[in-house]
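Letter by letter, the chains look like this.
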Amino acid sequence: MSFSESRPETEAHLSEYEKVLSEMGACLTSEDEEKIREFIDNRVEQLTNSTSPEGISLVHNNIYNKFIHPDSNVRRSMIVSPIHLDDNEIYNILMEKVQQARADERYKDHSLRQIIPTAVQTAIYQYFGSLLTSNEGLQKNFKFYMDESGLDGPEFISIKDFKEEKMAVCAEKASVAQNLLRFSGLNSSIVFSSKCRIPAEAPEDAHAYNIIQSENGYFIYDPTNPNLVLNETKDTWSSYQPAFYKITEEQFDSILRKGKVEVNHVNKVLDEDGNALQDDVETRIYGG
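Given the structure is predicted, the values throughout are model-derived calculations rather than measurements.

(A) Layout of the overall build of the protein. Per the secondary structure count, the protein includes 7 helices and 13 strands. Over its C-alpha atoms the protein spans a radius of gyration of 19 Å, differing by no more than 12% from the 19 Å that the globule rule assigns to 288 residues. Expressed as a percentage of the 288 residues in the protein, the buried residues total 50%. Sequence separation of at least 24 residues holds for 64% of the intrachain contacts in the protein that already meet a minimum separation of 6. Summing over all exposed atoms, the protein offers an accessible surface of approximately 13800 Å²; the carbon and sulfur share of this is 45%. If you average the places of the 29 positive and of the 48 negative side-chain charges in the protein, the two averages end up 3 Å apart.

(B) Geometry of the layout of surface pockets. When its volume is computed, the largest pocket comes out at roughly 800 Å³. L138, I198, H207, T224 and N225 are, among the 29 residues lining the largest pocket, the residues nearest its centre. Listing elements by their share of the lining of the largest pocket, those giving two or more residues are α6 (170-183), β6 (187-196), β7 (205-214), β12 (260-270) and β13 (276-287). The element contributing the most residues to the lining of the largest pocket is β7, with 4 residues. Its residues placed into classes, the lining of the largest pocket shows 16 nonpolar, 7 polar and 6 charged. The wall of the second largest pocket is formed by 14 residues, among which R106, Y107, T118, T122 and Y240 lie closest to the centre.

(C) Fine view of a nonpolar patch on the surface. A cluster of nonpolar side chains, namely L58, V59 and M78, defines an oily patch on the protein surface of about 260 Å² accessible area. Positionally, L58 belongs in the loop between β1 (55-56) and β2 (63-64). Under the relative-accessibility criterion, L58 is labelled partly exposed at 37%.

(D) Region of the structure containing the packing of aromatic side chains. On inspection of all chains with the given rule, the structure shows 14 aromatic pairs. Their ring planes at 85° and their centres at 5.1 Å tell us that Y127 and F128 sit as a pair that is edge-to-face. Here the aromatic cluster, defined as three or more aromatic residues joined through ring pairs, consists of F39, F67, Y91 and F183.

(E) Geometry of the sheet that holds β13. Here 4 strands make up an open sheet; going across it, the order is β10-β9-β12-β13 and the pairing mixed. At either margin of the open sheet sits one strand with a lone partner, and together these are β10 (237-241) and β13. This sheet shows a mean twist of 25° between the axes of neighbouring strands, independent of strand direction. The pairing of strand β9 (residues 227-230) with β12 spans 2 bridges and is classified as parallel. Paired with L230 across the bridge in β12 is V269.

(F) Structural context of the pattern of salt bridges. Applying the stated criterion to the full structure yields 12 salt bridges. A salt bridge links R37 to D41; the shortest N-O distance between them is 2.8 Å. In this pair, R37 and D41 are both assigned in helix α2 (residues 33-49), 4 residues apart and thus about one turn of the helix distant. One salt bridge connects D279 with K268, and the closest N-O pair in it is separated by 2.7 Å.

(G) Spatial organisation of the packing of α2 against helix α3 (residues 89-103). Put simply, α2 and α3 touch, their axes get as near as 10 Å, and they point 130° apart. Relative to α3, α2 is oriented oblique. Between α2 and α3 lies a crossing of right-handed hand. Contacts from I36, R37, F39, I40 and V44 of α2 reach α3 at Y91, N92 and M95. Here the residues of the contact of α2 with α3 are counted per class, giving 6 nonpolar, 1 polar and 1 charged.

(H) Structural context of a negative patch on the surface. A grouping of D32, E33, E34 and E38 is seen on the molecular surface, where their side chains present a negatively charged patch. Within the secondary structure, E33 sits in helix α2.

(I) The sheet that holds β6, seen in detail. With respect to topology, 5 strands assemble into an open sheet ordered β2-β6-β7-β8-β11, the strand pairing being antiparallel. Pairing within the sheet leaves two strands with one partner each, and these edge strands are β2 and β11 (244-247). One ladder, built from 4 bridges, connects strand β8 (residues 217-221) with β11; its direction is antiparallel. Its bridge partner being in β11, Y221 is matched across the sheet by F244.

What counts as what
Residues numbered from 1 in each chain as written. Predicted model: local features only at pLDDT ≥ 70, side-chain atom pairs only at ≥ 80, totals over all residues. Heavy atoms only, no water. Helix = DSSP H or I, 4+ residues; strand = E, 2+ residues; numbered from the N terminus. Rg over C-alpha atoms; globule rule 2.2 N^0.38 Å. Buried < 20%, exposed > 50% of the residue type's maximum accessible area, 1.4 Å probe, protein only. Contact = heavy atoms within 4.5 Å. Areas by Shrake-Rupley, 256 points an atom, 1.4 Å probe, with all protein chains shown as cover. Lys, Arg positive; Asp, Glu negative; His and termini not counted. Charge placed at Lys NZ, Arg CZ, Asp CG, Glu CD. 1 Å grid on protein atoms, 1.4 Å probe; cavity = no way out; pocket = protein on both sides within 12 Å on 5 of 7 lines; lining within 4 Å. Points joined across faces, edges and corners; volume = space filled by probe spheres on them. Nonpolar A, V, L, I, M, F, W, Y, C, P; charged D, E, K, R; others polar. Patch = residues over 30% accessible without salt bridge, like charges linked within 9 Å, V, L, I, M, F, W, Y side chains within 5 Å. Salt bridge = Lys/Arg side-chain N within 4 Å of Asp/Glu carboxyl O. Phe/Tyr/Trp six-rings, centres within 6.5 Å; stacked < 30°, edge-to-face > 60°. Pairing = 2+ DSSP bridges. Axes fitted to C-alpha atoms, helices over the stretch in contact; angles between N-to-C directions. Parallel < 35°, antiparallel > 145°, perpendicular 65-115°, else oblique. Left-handed = near helix turned anticlockwise from the far one by under 90°.

Here it is in structure tokens:
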């Protein structure tokens, strides 16, 4: 999976993407820790200065297409305290994952464009400590927010409180994904919607996900629900890939107008010998 730019008016953004990838590649190739640190610091400072603190939630800026300022209030719900994306460690982890992929024999012929999507998903996995959020993690997340919210709660919750705690849900994961994608130079948005159904037969529920605009089109990216390689009984997974769904410009515009888009999510199922048995296809609905 690789991305570029989309509409004619985003041509300047393509130049930024190419420039960021070039700079990222140069500092990683140098293997100079000081140069890598300088690149991260300069890039985060540039992005932070390009935006300002805002409210982001189902109610405010539910489709947000900028880097999320460290002082922005991101709310999974209006009844709980907001989170702040105030930990630059997420960018360190991303760079480590890109570097690891470049050194991996499986990715030796891959460009940075092809590596970035997997590196973003893997960085999110490492930072939060889990690929999928278990029922125990969901309960822990709910209890955490309830304990930290209210009149006696803090003004905001640091994203650091979720690090390696295995309790991050879509709001935290899509928010971090938004900044990792923007850090990499991609033209991305985060979407908070109350009209998602995952899977399609489930009731409508609130969900946060991302959209990437590229010269190859528009892609929904759901960092919370990746593509999995499952065992024969589908109760465990052995590997994963980031979940991207290509959508049309009309579908993208529908999301902007608070409409819905239907996509097919495909997991692979293996037998006990590791041979592919079938594609496990699930319909999902993403709303605006």
